[in-house]
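Remarks on the overall topology
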Amino acid sequence: MTELAEISVSELRRRLNAGEALAVLDVREPWEAEICRIEGSISIPLNRLPDGVENLPQDRPLVVLCHHGMRSRLAVDWLRANGVKEAVNLGGGIDAWARQIDRQMKVY
């Protein structure tokens, strides 16, 4: 990943399709993830992130998402401050993913 703290949904799709080694962290609440999620993503609600940070992969970039990108921005700031230097925010969140990439995905 670059030093930028945010990537677009189209860039994430490109990297996933290219088979790049990266992890996707979803910091939404469990009820939100039940509505829609990116397959293979790790779910840790924002308020539980400090308890779950040691379970995150450290060997690859981490793309963090929420509904629209606000909570995930906070998560990225916290993760970077706590040693996860390759954490980046997914601009527009799962809503942008559903509207631009996977139009079959439910929105809320």
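Residues numbered from 1 in each chain as written. Predicted model: local features only at pLDDT ≥ 70, side-chain atom pairs only at ≥ 80, totals over all residues. Heavy atoms only, no water.

Some points on the environment of A81
You can see A81 is positioned in helix α4 (residues 70–81). For A81, a relative accessible area of 65% gives the class exposed. The spacing of A81 and C36 is 45 residues in sequence and 29 Å in space, taken between C-alpha atoms. (Helix = DSSP H or I, 4+ residues; strand = E, 2+ residues; numbered from the N terminus. Buried < 20%, exposed > 50% of the residue type's maximum accessible area, 1.4 Å probe, protein only.)

A short note on the pattern of salt bridges
Under the defined criterion, the tally for this structure stands at 8 salt bridges. A salt bridge links E11 to R15, with the shortest nitrogen-to-oxygen separation between them at 2.5 Å. Of this pair, E11 and R15 both sit in helix α1 (residues 9–17), 4 residues apart, roughly one helical turn. One salt bridge in this structure joins E20 and R14, with 3.9 Å as the shortest N-O distance. By relative accessible area, which is 35% here, E20 ends up partly exposed. One salt-bridge network, held together by shared partners, links E11, R14, R15 and E20. (Salt bridge = Lys/Arg side-chain N within 4 Å of Asp/Glu carboxyl O.)

Considering α4
A rise of 1.5 Å per residue sets the reference length of α4, with its 12 residues, at 16 Å; its end C-alpha atoms lie 17 Å apart and thus fit the reference within 8%. Turning to α4, its buried residues are S72, A75, V76, L79 and R80. Across the axial projection of α4, the buried residues extend over an arc of 125°, all falling on one side. Relative to its buried face, α4 has exposed residues pointing more than 90 degrees away, namely M70, L74 and A81. Taken together, the buried residues of α4 touch β2 (23–26), α3 (49–52), β4 (62–65) and β5 (87–90). Note on α4: the residue one or two positions beyond its end, G83, has a positive phi of about 95°. (Expected span 1.5 Å × (residues − 1). Arc of directions from axis to C-beta. Contact = heavy atoms within 4.5 Å.)

Quick look at the packing of α1 against helix α5 (residues 93–101)
The contact between α1 and α5 brings their axes to 9 Å, and the two run at 75°. One finds that α1 runs roughly perpendicular with respect to α5. Of α5, the residues touching α1 (which contributes V9, S10, L12, R13 and L16) are G93, A96, W97, Q100 and I101. Tallied by class, residues from the contact of α1 with α5 come to 6 nonpolar, 3 polar and 1 charged. (Axes fitted to C-alpha atoms, helices over the stretch in contact; angles between N-to-C directions. Parallel < 35°, antiparallel > 145°, perpendicular 65-115°, else oblique. Nonpolar A, V, L, I, M, F, W, Y, C, P; charged D, E, K, R; others polar.)

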